[in-house]
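Spelled out from the first residue to the last, the chains are:
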Amino acid sequence: QKAQIPGPENDPVEPRFTFDMVGGLEAQKKEISDLILTPIQMKNYYRTIGIKPERGLLLHGPTGCGKTLLAEAAAGSFKEFGLKFFKIPATDLIS
């Protein structure tokens with residue numbers, strides 16, 4: 001059973017940042033780029049070899065470590081690929 005995104009308060013948010021606006025974190029930005037863009041750019045390759053690409057990305061870590069900033073920057077950087085940014089509190093996911 002798939003989880004439902006609760007209510008209109010969790011509609012996609014227009015990203016305010018891009019990776020260019022985030023200082024440092026180069027390794028993390030590259031890893032996120034690879035996880036998100038590779039399946040989009042190599043869609044036919046994935047299909048041919050029968051691999052289902054990931055359908056989302058879950059960032060975790062302590063408060064204030066930059067999870068939301070990285071997620072929003074990724075969505076802003078890859079807007080042309082149709083990425084959507086949903087800002088959903090963890091408490092909404094665990095109920």
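Everything here concerns the structure above.
Structural notes, computed from the coordinates. Remember, it's a predicted structure, so these values are computed and weren't measured experimentally.

## Looking at the overall build of the protein
A tally of regular secondary structure across the protein gives four helices and zero strands. The N-to-C order of helical and strand elements in the protein reads α-α-α-α. The 95 residues of the protein split such that 22% are buried. Accessible surface computed for the protein: about 7,500 Å², of which carbon and sulfur atoms make up 56%.

## Some words on the nonpolar core
In this structure, F19, V22, I32, I36, L37, L70, A73, A74 and F78 together form the largest nonpolar core, which totals nine residues. Those elements giving two or more residues to this core turn out to be helix 1 (26-41) and helix 3 (67-77). Not counting the four nearest positions on each side in its chain, F19 is found in contact with K29, I32, S33, L70, A73, A74, S77 and F78.

## Details of helix 1
Along helix 1, the sharpest change in direction is near 30 degrees and occurs at D34. Among all positions of helix 1, only K29, I32, S33, I36, L37 and P39 are buried. Where helix 1 is buried, its residues meet helix 2 (43-49) and helix 3.

## Some words on the environment of K84
With respect to the element layout, K84 can be found in the loop between helix 3 and helix 4 (90-94). Considered as a pair, K84 and E72 are 12 residues apart in the sequence and their alpha carbons are 9.2 Å apart.

## A short note on unusual backbone geometry
The residue L25 is not glycine, and still its phi comes out positive at about 55 degrees. Structurally, the position occupied by L25 is in the segment before helix 1. L25 gets classed as partly exposed once you look at its relative accessible area, which sits at 35%.

About the cut-offs
Residues numbered from 1 in each chain as written. Predicted model: local features only at pLDDT ≥ 70, side-chain atom pairs only at ≥ 80, totals over all residues. Heavy atoms only, no water. Helix = DSSP H or I, 4+ residues; strand = E, 2+ residues; numbered from the N terminus. Buried < 20%, exposed > 50% of the residue type's maximum accessible area, 1.4 Å probe, protein only. Areas by Shrake-Rupley, 256 points an atom, 1.4 Å probe, with all protein chains shown as cover. Core = buried A, V, L, I, M, F, W, Y, C linked by side-chain atoms within 4.5 Å. Contact = heavy atoms within 4.5 Å. Bend = angle between axes of the 7 residues up to and from the residue.

Function cannot be read off these values alone, since they describe shape.
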